[in-house]
Amino acid sequence: MSQPDFFSADQAVIEATLEKLLPAESTPPATIHQAMRYSVFAGGKRIRPVLCYESARIFSQQLDAAATVGCALEFIHTYSLIHDDLPALDNDDLRRGKPTCHKKFGVAMAILAGDALLTLSFETLANANVPPDRRVRIIAEIGRAAGTVNGMVGGQVADVQAEGKPVDAAALEYIHRSKTAALIRASVVAGALAGGAPDQDVARLGRFGEAIGWAFQVVDDLLDVEESSAALGKTAGKDQAQKKATYPALFGIEKSRAFAQELAARAHRELDCYGDRAAHLRQLADYLVVRRA
Ligand code: FPP
Ligand code: MG
């Protein structure tokens, strides 16, 4: 299955919005803006912004604000990749088929580019064209998802500390749900909030996002085993080399694939009540599980 057909139209909206939100390369101090733009425009799939955008579409036809919120999520995602690739963390030279930010701009500038993208994300959210009560809820959701308690940084800490050690299913679940699923869940929730969804729907979409976010990292583990570096645009086979806690390492390939499918089915069930309005989100859920990069 290739990308769903609406995906490239959504990506074009996101690219244009990112372009508007990021300072120009020539804005002083120019080096940091070059580094930020280098990594943001290195060819990411824009999955989190597209999920945010399509989640808002269930509830609204006015999607500009959801695009802006989606870009704020992409800034956080890009910061996390830049920092994850640093020598002190996963120490990688290749990302999105290009030299990593620190390879191109040096470690100091890569640290600062990550810091700057995280900061720009919250500035962007604070200025988004969403009613103030909902805007504050979006900021809180995304802040929590990127943070230390069941959030991305917390998951990253557990991931680093689990390297080379035996982990059980509960520890692995914590890592995946925190490191990856939390921000994906927040993308869907933030889209629902930007689209004006009632609380019950925000909660339902949160459960959808949690399931696909978890499935996304299980599939990411599988791709690291099954695909080449050329296909992934990053160093393949690295999890095993670094003795990472992954689903294939603990359960094997077949069980991990079946688990990703089960999570996708769980996600689908949350959308049943929306009928055709959730057609795009359903296609995205399927795509995230069958993707090859
Ligand atoms: C690939 O996303 C990214 C992941 C599977 C998430 C991994 C989690 C981290 C690296 C957390 C790091 C956290 C800190 C605090 C350093 P993708 O396939 O959407 O990538 P793309 O944007 O290149 O398409
Ligand atoms: Mg990592």
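Everything numeric here is computed off the predicted structure, so don't read it as measured data.

A. Expanded view of the packing of aromatic side chains. What the rule picks out here adds up to six aromatic pairs. Each ring, one from F7 and one from Y287, has its centre 5.6 Å from the other, and the planes form 65°; the classification is edge-to-face. Of this pair, F7 sits in helix α1 (residues 7-21) while Y287 sits in helix α15 (residues 279-290), and the two are 280 residues apart along the sequence. Y287 matches F7 in its accessibility class, with the two residues each being buried. Here the aromatic rings of W214 and F259 are separated by 5.3 Å at their centres, their planes lie at 80°, and the arrangement is edge-to-face. On the criterion of sequence distance, the pair formed by W214 in helix α10 (residues 199-226) and F259 in helix α14 (residues 253-271) is long-range, its members being 45 residues apart. Of the aromatic side chains, those joined through ring pairs into one cluster are W214, Y247, F251 and F259. Directly above the aromatic system of F216 lies the positively charged group of R291, at a separation of 3.8 Å from the ring centroid.

B. Region of the structure containing the nonpolar core. Counting 68 residues, the largest nonpolar core has L51, V69, I138, I142, L205 and F208 as the members making the most contacts within it. Sort the elements by how many residues they give to this core and helix α4 (residues 64-84) lands first, with 11 residues. Not counting residues within four places of it along the chain, the set of residues in contact with L205 comprises S55, I58, F59, V188, A192, L271, Y274 and L281. With 21 residues, the next largest nonpolar core counts L172, A181, L223 and L263 among its residues.

C. Layout of the pattern of salt bridges. For the structure on display, the rule yields 27 salt bridges. D90 is paired through a salt bridge with K244; the nearest N and O atoms lie 3.0 Å apart. Residue D90 is located in the loop between α4 and β1 (94-95), and its partner K244 is located in the loop between α12 (238-241) and α13 (247-251); the two are separated by 154 residues in the primary sequence. By relative accessible area, which is 8% here, K244 ends up buried. Overlapping salt bridges bring together D90, D159, E163, K179 and K244 as one network.

D. Summary view of the coordination of the magnesium ion (ligand 2). In this structure, D84 (OD) and D90 (OD) serve as the protein donors to the magnesium ion (ligand 2), at separations of 2.2 to 2.4 Å. Given the relative accessible area of 15%, D84 is considered buried.

E. Broad picture of the site of ligand 1. Lining the immediate surroundings of ligand 1 are 19 residues, of which K45, R48, H77, R96 and Q217 lie closest. Within the side chain of K45, a nitrogen or oxygen atom sits 2.6 Å from an oxygen atom of ligand 1. One of the side-chain N or O atoms of H77 is found 2.7 Å from an oxygen atom in ligand 1. In isolation ligand 1 exposes 640 Å². Once the protein is present, 92% of that is buried. Among the secondary structure elements, those contributing two or more residues to the shell around ligand 1 are α4, α8 (152-162), α9 (169-194) and α10. Broken down by element, the residue count for the shell around ligand 1 peaks at six residues, all from α4. Grouping the amino acids of the shell around ligand 1 by side-chain chemistry returns five nonpolar, seven polar and seven charged.

F. Structural detail: helix α3 (residues 47-57). With respect to burial, α3 is a largely interior element, 10 of its 11 residues being buried. For α3, the set of buried residues is I47, R48, P49, V50, L51, C52, Y53, E54, S55 and A56. Packing partners of the buried residues in α3 comprise α1, α4, α9, α10 and α15.

G. Geometry of the state of the cysteines. Per the stated rule, a full pass over the model turns up zero disulfides. Here C101 stays free of any disulfide, with the sulfur of C71 as its closest cysteine sulfur at 18 Å. Here C273 is not cross-linked by a disulfide; its sulfur's nearest cysteine counterpart is in C52, at 19 Å. Residue classification places C273 among the partly exposed residues on the basis of a relative accessible area of 47%.

H. Up close: the side chain of S60. Inspection of the secondary structure puts S60 in the loop between α3 and α4. Look at S60 and you get buried, because its relative accessible area is 17%. At 2.9 Å, the side chain of S60 forms a polar contact with the backbone nitrogen of Q62.

I. Structural context of the packing of α4 against helix α6 (residues 107-126). For the pair α4 and α6, interaxial distance at closest approach is 8 Å and the crossing angle is 160°. Here α4 lies roughly antiparallel to α6, going by the angle between them. The two elements α4 and α6 meet at a crossing, and its hand is left-handed. In this structure, α4 uses T68, V69, A72, L73, F75, I76, T78, Y79, I82 and H83 to contact α6, whose residues at the interface are A110, I111, A113, G114, D115, L117, L118, L120, S121, F122, T124 and L125. Along the lines of polarity and charge, the residues of the contact of α4 with α6 split into 15 nonpolar, six polar and one charged.

What counts as what
- Every chain begins its residue count from 1, and numbering advances along the sequence as written.
- Think of it this way: whatever chain is written first is A, whatever ligand is written first is 1, and the rest follow in order.
- Local features in this predicted model are restricted to residues whose pLDDT is 70 or higher, and side-chain atom pairs enter the listing and the counts only when it is 80 or higher, whereas totals over whole chains, interfaces and linings include all residues.
- Only hydrogens and water are removed before side-chain values are computed, so all heavy atoms of the structure are retained for them.
- Paired rings are identified among Phe, Tyr and Trp, the last through its six-membered ring, by centres lying within 6.5 Å, and are further divided according to the angle between planes into stacked (under 30 degrees), edge-to-face (over 60) and tilted (the rest).
- Only DSSP runs of H or I covering at least 4 residues are called helices, and only runs of E covering at least 2 are called strands; the numbering of each starts at the N terminus.
- Only protein chains enter the accessibility calculation, which uses a 1.4 Å probe; a residue whose area is less than 20% of its type maximum is buried, one above 50% is exposed, and one in between is partly exposed.
- By definition, being over a ring means that NZ of Lys or CZ of Arg is both within 6 Å of the ring centre and within 35 degrees of the ring normal.
- Among the buried residues, those of types Ala, Val, Leu, Ile, Met, Phe, Trp, Tyr and Cys that are joined through side-chain atoms within 4.5 Å form a nonpolar core.
- Here, two residues are considered to be in contact whenever any of their heavy atoms come within 4.5 Å of each other.
- Any carboxyl oxygen of Asp or Glu that lies within 4 Å of a side-chain nitrogen of Lys or Arg is treated as forming a salt bridge with it.
- Each metal's donors are the N, O and S atoms within 2.8 Å of it, or within 3.2 Å when it is Na, K or Ca, and because water is not part of the set, sites may look incomplete.
- Each residue is tested against the molecule or strand, and it is near if at least one of its non-hydrogen atoms lies within 4 Å.
- We call two N or O atoms a polar contact when they sit within 3.5 Å, provided that within protein one can donate a hydrogen and the other can accept it, with sequence-adjacent residues counted only if both atoms are side-chain atoms.
- Surface accessibility follows the Shrake-Rupley procedure with a 1.4 Å probe radius. Residue values consider only the protein chains on display as shielding.
- Any residue outside Ala, Val, Leu, Ile, Met, Phe, Trp, Tyr, Cys, Pro, Asp, Glu, Lys and Arg is labelled polar, Gly included; the first ten of those are nonpolar and the last four are charged.
- In this description, the term disulfide denotes a pair of cysteine sulfurs within 2.5 Å.
- In this analysis an axis means a line fitted to C-alpha atoms, helices contributing only their contacting stretch, and an angle means the value between N-to-C directions, from 0 to 180 degrees.
- Angle categories are assigned with fixed cut-offs, so that under 35 degrees is roughly parallel, over 145 is roughly antiparallel, 65 to 115 is roughly perpendicular, and the rest are oblique.
- Each crossing gets its handedness from the near helix: less than a right angle anticlockwise from the far helix is left-handed, clockwise is right-handed.

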